[in-house]
Amino acid sequence: MRWDIFCQIVDNYGDAGVCWRLARSLSSLHGQEVRIFCDDLATLNLLASGVDESIKQKIDLLPWEESFSNARHPVKTPDVVIEAFGCELPERYLAGLFIAPVKPIIINLEYLSAEPWITEFHAKASPQSHGISKYFFFPGFQPEVGGLLLDPIPLEGTLTAQQIPPDLQELWSMLQPGAKRMSIFCYPGAPLRKWLEDLAALGEDIDVLLTHGHAELLNLYSEKQIALPKNLQLLSMPFVSQDEYDWVLSQCDFNIVRGEDSFVRAQLAGKPFIWHIYPQADRAHEVKLAAFLDLYLEEATQDLRLATIAAMTWAMPSEWLKSLDSWTTHSKAWRGQLLEKQRDGGLAARLLRFVG
Ligand code: TRH
């Protein structure tokens, strides 16, 4: 079938990251014809870079305006229209659908959530005055909702240390032998400087991989240099491809991730992680985090529960790092449970079944 995905980039990379990952899955794993209309093509192209040309060329990445420009032949009517994260379709594009001989189905693809209430809204109709059928679709962890965007599933062990991505080889050569490795991808509001100073004071050899832009966050290049003992080495990464980022997550002992897509990738890496959830004004993010932790820690010991909740709410590492080993065991088990629950193929497969 033909899919039109509309991607409006609010900020950061996740809107593009999720839309690109979905398009890639629908196209290369499910043989669908996919176009993405995006209002910030530069960001989308950044996320789509580093993917095999044979995959990328099958997906049309188009500017938002192309969806209704009459310059070209009238836009081919799609079978499915995805409004990613509830973005509004362009009026003139919608008008084009009204005159289409066969109407598409419109899907409002929501943000990923672990909250229980989404089970009541998932797959429910959202009646529109224009009469074209539209449905809510909630990605999530529970069996009766939209599932997780998993592809490509980083199979344990295949992302071995030997396959160091080319643009990480120099950085990888600087790692301290035998040191713990942590990657950091968080929002500016995190107490990162204090967190790293506390971590360094524990005396362990640790290499901290700062993802694109985080070194600036720490004013590493300014006079207010963060003063860290040499057992903690800060290494700054370029912005790498999604698959290379998966590789980094799998090679680290601990990861700080954020938003939506890296949050899922960290779980698939089977390693302990802090989820720096996207902060919302009305503190709704705290409800979302609590809902996830309820699921994530359902089978954890009380000690691990306390350690994980402390870590996820930015307590200093000296308060919870002693639980790292049991957290690592738990993370592997959680990855296994996730893959088991999503063995139907997760979000892309469930979308296909829903519209099929
Ligand atoms: O960038 P984010 O903070 O995006 C967020 C989420 O989309 C959130 O839902 C939304 O409300 C908010 O923006 C506005 O985090 P996220 O979701 O992890 O997206 C980052 C994407 O970037 C993800 O696909 C991984 C990818 N990435 C790379 O490809 N290379 C890299 O080097 C890094 C660090 C990330």
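Residues numbered from 1 in each chain as written. Predicted model: local features only at pLDDT ≥ 70, side-chain atom pairs only at ≥ 80, totals over all residues. Heavy atoms only, no water.

## Some remarks on the domain arrangement of the chain
Right, so step 1: Domain assignment breaks the chain into domain 1 (2-149 + 343-355) and domain 2 (166-341).
Right, so step 2: Using C-alpha coordinates to define each centre, domain 1 is positioned 30 Å away from domain 2.
Right, so step 3: Contacts between the two partners involve 23 residues from domain 1 and, on the opposite side, 26 residues from domain 2.
Right, so step 4: Summed over both sides, the interface of domain 1 with domain 2 buries roughly 2200 Å², with 54% coming from carbon and sulfur. (Domains from an automatic or database assignment. Contact = heavy atoms within 4.5 Å. Buried area = accessible area lost by both parts, 1.4 Å probe.)

## Side note on helix H4 (residues 91-98)
Right, so step 1: For H4, the full list of buried residues reads Tyr93, Leu94 and Leu97. Projected onto a plane normal to the axis of H4, the buried residues spread over an arc of 100° and lie on a single side. Summarising the geometry of H4, the exposed residues directed more than 90 degrees from the buried face are Glu91 and Arg92.
Right, so step 2: Where the residues of H4 are buried, they touch strand S1 (2-7), strand S4 (80-84) and strand S5 (105-109). (Buried < 20%, exposed > 50% of the residue type's maximum accessible area, 1.4 Å probe, protein only. Helix = DSSP H or I, 4+ residues; strand = E, 2+ residues; numbered from the N terminus. Arc of directions from axis to C-beta.)

## Topic: the pattern of salt bridges
Right, so step 1: Counted according to the given criterion, the structure contains 11 salt bridges.
Right, so step 2: One salt bridge in this structure joins aspartate 243 and arginine 24, with 2.8 Å as the shortest N-O distance. Separated by 219 residues along the polypeptide, aspartate 243 in helix H9 (residues 242-251) and arginine 24 in helix H1 (residues 14-29) bring together distant segments of the chain.
Right, so step 3: A relative accessible area of 27% means that aspartate 243 is categorised as partly exposed.
Right, so step 4: Within the structure, one salt-bridge network assembled from shared partners comprises Asp344, Arg350 and Arg353. (Salt bridge = Lys/Arg side-chain N within 4 Å of Asp/Glu carboxyl O.)

## Describing the packing of aromatic side chains
Within a pair of aromatic rings, the relevant descriptors are the distance that separates the centres and the angle that separates the planes.
Right, so step 1: Per the stated rule, a full pass over the model turns up 31 aromatic pairs.
Right, so step 2: Ring centres of phenylalanine 263 and tryptophan 275 lie 3.7 Å apart, and the angle between their planes is 10°; this geometry places the pair in the stacked category. Of this pair, phenylalanine 263 sits in helix H10 (residues 261-269) while tryptophan 275 sits in strand S11 (residues 273-276), and the two are 12 residues apart along the sequence. For the pair formed by phenylalanine 263 and tryptophan 275, the shared burial category is buried.
Right, so step 3: Look at tryptophan 320 and tryptophan 327: their rings are 5.9 Å apart centre to centre, the planes differ by 75°, and that puts the pair in the edge-to-face class.
Right, so step 4: Put simply, the rings of Phe141, Phe263, Phe273, Trp275, Phe292, Tyr296 and Trp334 pair up and form one aromatic cluster. (Phe/Tyr/Trp six-rings, centres within 6.5 Å; stacked < 30°, edge-to-face > 60°.)

## Some points on empty space enclosed by the protein
Right, so step 1: If you walk through the whole model with that rule in mind, you get 1 cavity of 30 Å³ or more.
Right, so step 2: The volume enclosed by the largest cavity comes to roughly 80 Å³.
Right, so step 3: For the largest cavity, the full set of lining residues is Val18, Leu109, Leu112, Pro139, Gly147, Leu148, Leu149, Glu260, Asp261, Val264 and Leu347.
Right, so step 4: Its residues assigned to classes, the lining of the largest cavity shows 8 nonpolar, 1 polar and 2 charged.
Right, so step 5: For the lining of the largest cavity, the two domains that each supply at least three residues are domain 1 (2-149 + 343-355) and domain 2 (166-341). (1 Å grid on protein atoms, 1.4 Å probe; cavity = no way out; pocket = protein on both sides within 12 Å on 5 of 7 lines; lining within 4 Å. Points joined across faces, edges and corners; volume = space filled by probe spheres on them. Nonpolar A, V, L, I, M, F, W, Y, C, P; charged D, E, K, R; others polar.)

## Things to note about the sheet that holds S1
Right, so step 1: Across the sheet, which stays open at both edges, the 6 strands sit in the order S3-S2-S1-S4-S5-S6 with parallel pairing between neighbours. Of all strands in the sheet, those bounded by a partner on one side alone are strand S3 (59-63) and strand S6 (134-137). In this sheet, adjacent strand axes meet at a mean angle of 20° when their direction is disregarded.
Right, so step 2: Examined bridge by bridge, S1 and strand S2 (residues 33-38) share 6 bridges and lie parallel to one another. (Pairing = 2+ DSSP bridges. Axes fitted to C-alpha atoms, helices over the stretch in contact; angles between N-to-C directions.)

## Structural notes on the layout of surface pockets
Right, so step 1: By volume, the largest pocket amounts to about 760 Å³.
Right, so step 2: Residue lining of the largest pocket: 39 residues in total, with Gly14, Tyr187, Gly259, Glu260 and Asp261 positioned closest to the centre.
Right, so step 3: Every element with two or more residues in the lining of the largest pocket is listed here: H1, H9, H10 and helix H11 (284-296).
Right, so step 4: Its residues assigned to classes, the lining of the largest pocket shows 20 nonpolar, 11 polar and 8 charged.
Right, so step 5: In this structure, the lining of the largest pocket is formed jointly by two domains, domain 1 (2-149 + 343-355) and domain 2 (166-341), each of which donates at least three residues.

## Here we look at the packing of helix H12 (residues 302-312) against helix H13 (residues 324-341)
Right, so step 1: Two elements in contact, H12 and H13, have axes whose closest approach is 10 Å; the angle formed by their N-to-C orientations is 90°. By the angle between their directions, the pair H12 and H13 is classed as roughly perpendicular. Within the contact between the two elements, H12 uses Leu304, Thr308, Ala311 and Met312 and H13 uses Ser326, Trp327 and His330.
Right, so step 2: Its residues assigned to classes, the contact of H12 with H13 comprises 4 nonpolar, 3 polar and no charged. (Parallel < 35°, antiparallel > 145°, perpendicular 65-115°, else oblique.)

## A look at a nonpolar patch on the surface
Right, so step 1: Judged by side-chain polarity, Val10, Tyr111 and Tyr278 come together as a nonpolar surface patch covering roughly 290 Å² of accessible area.
Right, so step 2: Locating tyrosine 111 in the fold gives a position in the loop between S5 and helix H5 (118-121). (Patch = residues over 30% accessible without salt bridge, like charges linked within 9 Å, V, L, I, M, F, W, Y side chains within 5 Å. Areas by Shrake-Rupley, 256 points an atom, 1.4 Å probe, with all protein chains shown as cover.)

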